[in-house]
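Each chain is listed here by its residues.
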Amino acid sequence: MSEPDLVETIIVGGSLAGLTTAIALAARERPVTVLERTRGRTQRGVAIGLGRTDLDAAVGTELSTRVIEHLGEDSLRQGPYPHPWWNVYTALRATAEELPDITLIDGAHVIEVGEDNESAWAITDDGRRFAARVLIGADGYRSVVRRHVAAHHPYANYAGYIVWLGQSDFPPEVNGKDYRVDFESGGPELLAPYPMVQGDGTIPRYGWAWFDTSHNDLLREIGAIDGDEVLHTPRTTAIPDEVYETMQRRARKWSEPWRSGLTKAFGDHDVIATPITEYVADTVATGDAIGGPLGEPAAALAGNDRDAVHVALRRYEAQRLQPMRRKVQGGMSFASMLG
Ligand SMILES: Cc1cc2nc3c(=O)[nH]c(=O)nc-3n(C[C@H](O)[C@H](O)[C@H](O)COP(=O)(O)OP(=O)(O)OC[C@H]3O[C@@H](n4cnc5c(N)ncnc54)[C@H](O)[C@@H]3O)c2cc1C
C-alpha cells in the first residue's frame, strides 16, 4: 500500500450530508476530498424539503443560489412542497462537481478508518489509502466512521414502527397544486402523502409514507432488527408476497387519490419498508431540513480552529442531540403516539 499525500479534509460518503458539507467547506475555500462507495444512480429517499434559509446558513448565499439553479428555481416559488430526493441529490452533486476545491472520488468503498496525533485515514476495499488532517463521516446508517468513533453503539434503537415509502402519479384529472403535505389517520396508522414539486414548478407526482406498527415481528424474522437495534432496511425481495397483498387490501381504506396510487404501488411491489429509528422519529417530529446545522461546524473547520470545532459540535449536541435524547427517554416516539 503506497503512502498517500496528506489532504486537508476527507469526507466518507457523497450523498446529501457529504455533498452539503463539502460545499459548505468549499464556500470557505477549503479543499475537500469526498470518497463515495457507489458509481452512478443510488437513490436513498423519496422526497426531502430544501429551504433557502437553511441552505444559505450552511453554504452561503452564492453557492446556495447555484444549488437552487440546478434544482430549478421555479420549484421554490411553489410554497413549501418537498422536492424529489433525487433532484436534491443531483443539484448538490452538480454544484460540487463545478467547484475546484472539491475532489469527488466515486467507487471508493471505505472499509476502515483510523487516526493518530498527526492525521486521520481511510482505507478502501481495493487497498487505496487516503490521509487527511480531518476526516468526516457522512456514510449513512451503516457507517464505518461511526463504528470507529462509537464502537460501543454503532446502531440506533428501533422506534417501534416501520414506514412504507413509495411514490405515485397524480391521476391526469387531478392538479397536484390542490394538495399539501397531509396526514390521514386510519385506526392506529397514519398516511403522510406529500406532493413533490419538480424543477419547473409542476407537481405531477406525490410521495407517501405509511406509518405501520403491525410488522415488527416480520422485521425481526428477516434480520432487519435485532433486539432493540435496527441493523438495516430490508430489500424489497425480503418481504413475503403475502405481506404486499395484505397491504394492498389495507390500502383501500385511504381516501382518493391516495387509495389508487397505494393500491397500485403495493400490487407492483414498488414500495420500501424502512424500520424507523428513534433518531429519525425525532427529526420527523421536529421537521428537520437539510443544511442549517452544518453552518457553524463548517465555519469553525474552515477557520482551522480545533477548539472552535469542538465548541460548535458541543453546541450542536446541546441544542439538538440532548433534547432529542430526552424526548426518546421520555418515550416520545411515533410508536407510542400510534399504539
Ligand atoms: C429506504 C429509505 C428511504 C428513505 N426515504 C427518505 C425520504 O423520503 N425523505 C427523507 O428525507 N429521508 C429519507 N430517508 C432517510 C435518508 O437516509 C436521507 O434522506 C438521506 O439520504 C440521508 O443522507 P445522508 O447523506 O446522511 O446518508 P445517505 O443518503 O445514506 O448516504 C450515505 C452515502 O455514503 C455512502 N457510503 C456508505 N458507506 C460507505 C463507505 N463505507 N465508503 C464510502 N461511501 C460510503 C453511500 O453510498 C451513500 O452515498 C430514507 C432512508 C431509507 C433507508
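Before reading further, recall that the structure is shown in the block above.
Each value, and the rule that gives it
- Here, residues in each chain are numbered from 1, in the same order as that chain's written sequence.
- Given that the model is predicted, a residue must reach a pLDDT of at least 70 before its local features are reported, and side-chain atom pairs must reach 80 or more before they are shown or counted; all residues, however, enter totals for whole chains, interfaces and linings.
- Only DSSP runs of H or I covering at least 4 residues are called helices, and only runs of E covering at least 2 are called strands; the numbering of each starts at the N terminus.
- Put plainly, a residue is buried at 20 or more neighbouring C-beta atoms within 10 Å of its own, exposed at 12 or fewer, and partly exposed in between, counting only other residues' C-beta atoms, which are placed from the backbone.
- Placing a C-beta atom from the backbone of each residue, one calls two residues in contact when those atoms lie within 7 Å.
- Following DSSP output, two strands are said to pair if at least two bridges run between them.
- Only the stretch in contact is used when a helix axis is fitted, and all axes are lines through C-alpha atoms; the angle between N-to-C directions ranges over 0 to 180 degrees.
- Residues are counted as near a molecule or strand when the C-beta atom, derived from backbone positions, lies within 6 Å of that molecule or strand.
- In this classification, the charged set is Asp, Glu, Lys and Arg, the nonpolar set is Ala, Val, Leu, Ile, Met, Phe, Trp, Tyr, Cys and Pro, and all remaining amino acids, among them Gly, are polar.
- Boundaries of every domain are those given by an automatic assignment or by a domain database.
- Angles are sorted into four bins: roughly parallel if under 35 degrees, roughly antiparallel if over 145, roughly perpendicular if 65 to 115, and oblique for all others.
- Should the near helix be turned counterclockwise from the far one by less than a right angle, the crossing is left-handed, whereas a clockwise turn marks it as right-handed.
- Buried Ala, Val, Leu, Ile, Met, Phe, Trp, Tyr and Cys residues form a nonpolar core when they are connected through C-beta atoms within 7 Å.

Chemist: Quick rundown of the overall build of the protein? Include the residues and the values.
Modeler: Per the secondary structure count, the protein includes 11 helices and 15 strands. Every one of the 339 residues in the protein was classed for burial, and the buried ones make up 35%. In the protein, 71% of the contacts between residues at least 6 apart in sequence involve partners at least 24 apart.

Chemist: Which residues make up the sheet that holds strand 6 (residues 110-115), and what values do they have?
Modeler: Read from one edge to the other, the open sheet built from 6 strands follows the order 5-2-1-8-7-6, with strand pairing classed as mixed. Each end of this open sheet is capped by a strand with a single partner; those strands are strand 5 (102-106) and strand 6. In this sheet, neighbouring strand axes are inclined to one another by 40° on average, regardless of whether the strands run parallel or antiparallel. Contacting strand 1 (6-12), strand 2 (32-36), strand 5 and strand 8 (129-137), helix 1 (residues 16-26) runs over the sheet at an angle of about 170° to strand 2.

Chemist: Quick one: what's the story with the sheet that holds strand 9 (residues 158-169), residue by residue and with numbers?
Modeler: As summarised here, the arrangement of the 5 strands in space is 10-11-12-9-15, forming an open sheet in which the pairing is antiparallel. The sheet is open, and its two edges are formed by strand 10 (184-186) and strand 15 (272-277), each paired on a single side. Neighbour-to-neighbour, the strand axes of this sheet turn through a mean angle of 25°, independent of strand direction. As judged from the 7 bridges shared by strand 11 (residues 189-196) and strand 12 (residues 205-212), these two strands associate in the antiparallel manner. Across the sheet, Pro-193 pairs through a bridge with Trp-208, a residue of strand 12.

Chemist: So what's going on with the site of the ligand? Residues and values would help.
Modeler: By nearness alone, 30 residues border the ligand, and Gly-13, Ser-15, Ala-17, Gly-45 and Gly-140 come closest of all. Sorting the residues of the shell around the ligand by element identifies helix 1, strand 2, strand 3 (47-48) and strand 15 as the ones contributing at least two each. When residues of the shell around the ligand are assigned to their parent elements, the largest contribution, 3 residues, is made by helix 1. Tallied by class, residues from the shell around the ligand come to 14 nonpolar, 12 polar and 4 charged. Two domains each put at least three residues into the shell around the ligand: domain 1 (6-153) and domain 2 (158-284).

Chemist: Please give an account of the packing of helix 1 against helix 9 (residues 295-302) that cites residues and values.
Modeler: At a minimum axis distance of 9 Å, the contact between helix 1 and helix 9 shows a crossing angle of 50°. Considered as vectors, helix 1 and helix 9 are oriented oblique to each other. Handedness of the crossing formed by helix 1 with helix 9: right-handed. Counting all contacts with helix 1, which are made through Thr-21, Ala-24 and Leu-25, the residues of helix 9 involved are Gly-295, Ala-298, Leu-301 and Ala-302. Residues that form the contact of helix 1 with helix 9 fall into these classes: 5 nonpolar, 2 polar and no charged.

Chemist: Tell me about the nonpolar core, and name the residues and values.
Modeler: Counting 80 residues, the largest nonpolar core has Val-12, Ala-22, Ile-23 and Leu-92 as its most contacted members. Ranked by residue count, the leading element in this core is helix 1, at 7 residues. A domain split of this core shows at least three residues from each of domain 1 (6-153) and domain 2 (158-284). Setting aside its immediate chain neighbours within four residues, Val-12 contacts Leu-35, Val-110, Val-113, Ala-122, Leu-135, Gly-137, Ala-138, Asp-139, Val-144 and Val-145.

Chemist: Would you mind going over helix 9 in detail, with residue names and values included?
Modeler: Along helix 9, the residues that are buried comprise Pro-297, Ala-298, Ala-300, Leu-301 and Ala-302. In the segment just after helix 9, Asn-304 is the residue with positive phi, at about 60°.

Chemist: Go over unusual backbone geometry with me, naming the residues and quoting the values.
Modeler: With omega at 5°, the peptide bond leading from Glu-256 into Pro-257 counts as cis. You can see Pro-257 is positioned in the loop between helix 6 (241-250) and helix 7 (258-267). A positive phi angle, close to 60°, is found at Glu-29, a residue other than glycine. Along the chain, Glu-29 turns up in the loop between helix 1 and strand 2. Overall, the presence of 10 C-beta atoms within 10 Å leaves Glu-29 in the exposed class. For His-269, which is not glycine, the phi dihedral falls at a positive 60°. Within the secondary structure, His-269 is located in the loop between helix 7 and strand 15.

Chemist: Please set out the environment of Pro-171 residue by residue, giving values where relevant.
Modeler: Secondary-structure assignment places Pro-171 in the loop between strand 9 and strand 10. Residue classification places Pro-171 among the exposed residues on the basis of 10 C-beta atoms within 10 Å. When the C-alpha positions of Pro-171 and Gly-261 are compared, they lie 8.7 Å apart, and in sequence the two are 90 residues distant. Setting aside residues up to four positions removed in sequence, Pro-171 forms contacts with Pro-257 and Ser-260.

Structural measurements only, silent on function.
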